[in-house]
Amino acid sequence: MNSSEPTPLIYPSSAIRHLPTHLAIIMDGNGRWAKSRGLPRTAGHKKGADALRRTLDNCSKAGINYLTIYAFSSENWKRPSDEISDLMQLLQHYLHNELETLHEKGVRLRFIGDLSKLSKEIYGQLEHAKHLTERNKDFHLTIALSYGSRQEIVHTAQKLAQLVKDGKLETSQITEELFSQSLDTAGLPEPDLLIRTGGETRLSNFLLWQSAYTEFYFSQTLWPDFDKADLDSAINDYAKRERRYGTSSE
Ligand code: FPP
């Protein structure tokens, strides 16, 4: 190194190694938050949208670059139609109100799930948001909508089987790598940390393939209350863990 160049800052390697690059969140507890206040479930979802804005900001400040959120599962279609339409409206408002700001902040938006089930209007909004932000690189927000991981895996298997049937792919070419790159999440790193709020301790059909080596953190906090202190607790807990990917610690 040229002696006139400034000495580079040396960070403790653990500080860098232990910050999650990709955080996934199951935002649970909106309904209970509302119920405990005698409010309709929609009020919980609205507060949930505020918690999302706040968390995105806090992730970005903390140095996390990828956030993937479970906003609407394939099973959520079984909820009462009023609640479904409230959730869809909330999504539309969120995109309408936030898109420009997100774009200015360099956020790239992606949507995963069976988007064909959404209304044409919403689908159009999602396509617009995706295209507008596709060159952004500062932060990657992925919203899972009408998403079910088993469905995603089956759909991927069907796509690859069709390629084999059409003579475009050999079965021996179907590797873990190709499979990963054929999922809805193609191009995203696997989540390092997955947080579920609301006290439940299950995955509920979210990112089953992608979370093979993900660390899990279950928080008692209901999603609308999830704040910087909760995020910091999860990040600090993650920082203490040793990720071995099946190898031994020695
Ligand atoms: C789970 O809580 C939450 C959902 C099914 C919806 C998540 C949606 C938001 C946070 C709204 C904001 C999202 C966007 C993209 C604008 P629940 O209703 O199952 O809560 P409960 O377990 O307490 O009943």
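Presented here is an overview of the structure given in this document.

Before going further, it helps to examine the sheet that holds strand E5 (residues 193-196). Pairing is parallel across the open sheet formed by six strands, whose spatial order is E3-E4-E2-E1-E5-E6. The open sheet has two edge strands with one neighbour each: strand E3 (107-112) and strand E6 (215-218). Neighbouring strand axes in the sheet, compared pairwise and without regard to direction, differ in orientation by 20 degrees on average. Here four bridges tie E5 to E6, and the two strands are oriented parallel to one another. Within E6, the position partnered with Arg196 by the bridge is Phe218.

On to the pattern of salt bridges. Enumeration according to the criterion identifies 15 salt bridges in this entry. Notably, a salt bridge pairs Arg202 with Glu200, separated by 3.5 Å at the nearest N-O pair. On the basis of relative accessible area, Glu200 is assigned to the partly exposed category, the value being 26%. Between Arg241 and Asp237 there is a salt bridge, with the nearest N and O atoms lying 2.6 Å from each other. For Asp237, a relative accessible area of 26% puts it in the partly exposed group.

Per the counting criterion, the structure on display carries seven aromatic pairs. Plain terms: the ring middles of Tyr70 and Tyr147 are 5.9 Å apart, the flat faces sit at 80 degrees to each other, and that makes the pair edge-to-face. Within this pair, whereas Tyr70 is found in strand E2 (residues 66-73), its partner Tyr147 is found in strand E4 (residues 139-147), the two being separated by 77 residues in sequence. When sorted by exposure, Tyr70 lands in the same class as Tyr147, which is buried. Look at Phe216 and Phe218: their rings are 6.3 Å apart centre to centre, the planes differ by 25 degrees, and that puts the pair in the stacked class. Exposure remark for Phe216: the relative accessible area of 29% places this residue in the partly exposed category. You can call Phe218 partly exposed: its relative accessible area is 34%. By way of ring pairs, the aromatic residues Tyr70, Tyr147 and Phe206 are connected into one cluster.

Inspection of the secondary structure assignment puts Glu215 in strand E6. Setting aside residues up to four positions removed in sequence, Glu215 forms contacts with Asp192, Leu193, Leu194, Tyr238, Arg241 and Arg243.

Surrounding the ligand, one finds 19 residues, the nearest of these being Asp28, Gly31, Arg32, Arg41 and Arg79. In this structure, Gly31 approaches the ligand through a main-chain N or O atom, which is 3.0 Å from an oxygen atom. The protein chains hide 90% of the 620 Å² of surface that the ligand would expose on its own. Mapped onto the shell around the ligand, the elements with two or more residues apiece are helix H2 (30-35), helix H3 (41-62) and helix H4 (81-104).

In this model H4 runs 35 Å from its N-terminal to its C-terminal C-alpha over 24 residues, within 8% of the 34 Å that 1.5 Å per residue would give. Of all the bends in H4, the greatest measures close to 50 degrees and is centred on Glu98. Glu83, Ile84, Leu87, Met88, Leu90, Leu91, Gln92, Tyr94, Leu95, Glu98, Leu99 and Leu102 are the residues of H4 that are buried. Looking one or two residues beyond H4, the residue adopting positive phi is Gly106, at roughly 80 degrees.

In this section: the packing of H4 against helix H5 (residues 120-133). Running from amino to carboxyl end, H4 crosses H5 at an angle of 20 degrees, the nearest separation of the two axes being 11 Å. Classified by the angle between their axes, H4 and H5 sit roughly parallel to one another. In terms of crossing hand, the pair formed by H4 and H5 is left-handed. Each of Met88, Leu91, Gln92, Leu95, His96, Leu99, Glu100 and His103 in H4 lies in contact with H5, whose residues at this interface are Glu121, Ile122, Gln125, Leu126, His128, Ala129, Leu132 and Thr133. Grouping the constituent residues of the contact of H4 with H5 by class yields eight nonpolar, six polar and two charged.

What counts as what
- Residues numbered from 1 in each chain as written.
- Predicted model: local features only at pLDDT ≥ 70, side-chain atom pairs only at ≥ 80, totals over all residues.
- Heavy atoms only, no water.
- Pairing = 2+ DSSP bridges.
- Helix = DSSP H or I, 4+ residues; strand = E, 2+ residues; numbered from the N terminus.
- Axes fitted to C-alpha atoms, helices over the stretch in contact; angles between N-to-C directions.
- Salt bridge = Lys/Arg side-chain N within 4 Å of Asp/Glu carboxyl O.
- Buried < 20%, exposed > 50% of the residue type's maximum accessible area, 1.4 Å probe, protein only.
- Phe/Tyr/Trp six-rings, centres within 6.5 Å; stacked < 30°, edge-to-face > 60°.
- Contact = heavy atoms within 4.5 Å.
- Near = heavy atom within 4 Å.
- Polar contact = N/O pair within 3.5 Å; in protein donor to acceptor, adjacent residues only side chain to side chain.
- Areas by Shrake-Rupley, 256 points an atom, 1.4 Å probe, with all protein chains shown as cover.
- Expected span 1.5 Å × (residues − 1).
- Bend = angle between axes of the 7 residues up to and from the residue.
- Parallel < 35°, antiparallel > 145°, perpendicular 65-115°, else oblique.
- Left-handed = near helix turned anticlockwise from the far one by under 90°.
- Nonpolar A, V, L, I, M, F, W, Y, C, P; charged D, E, K, R; others polar.

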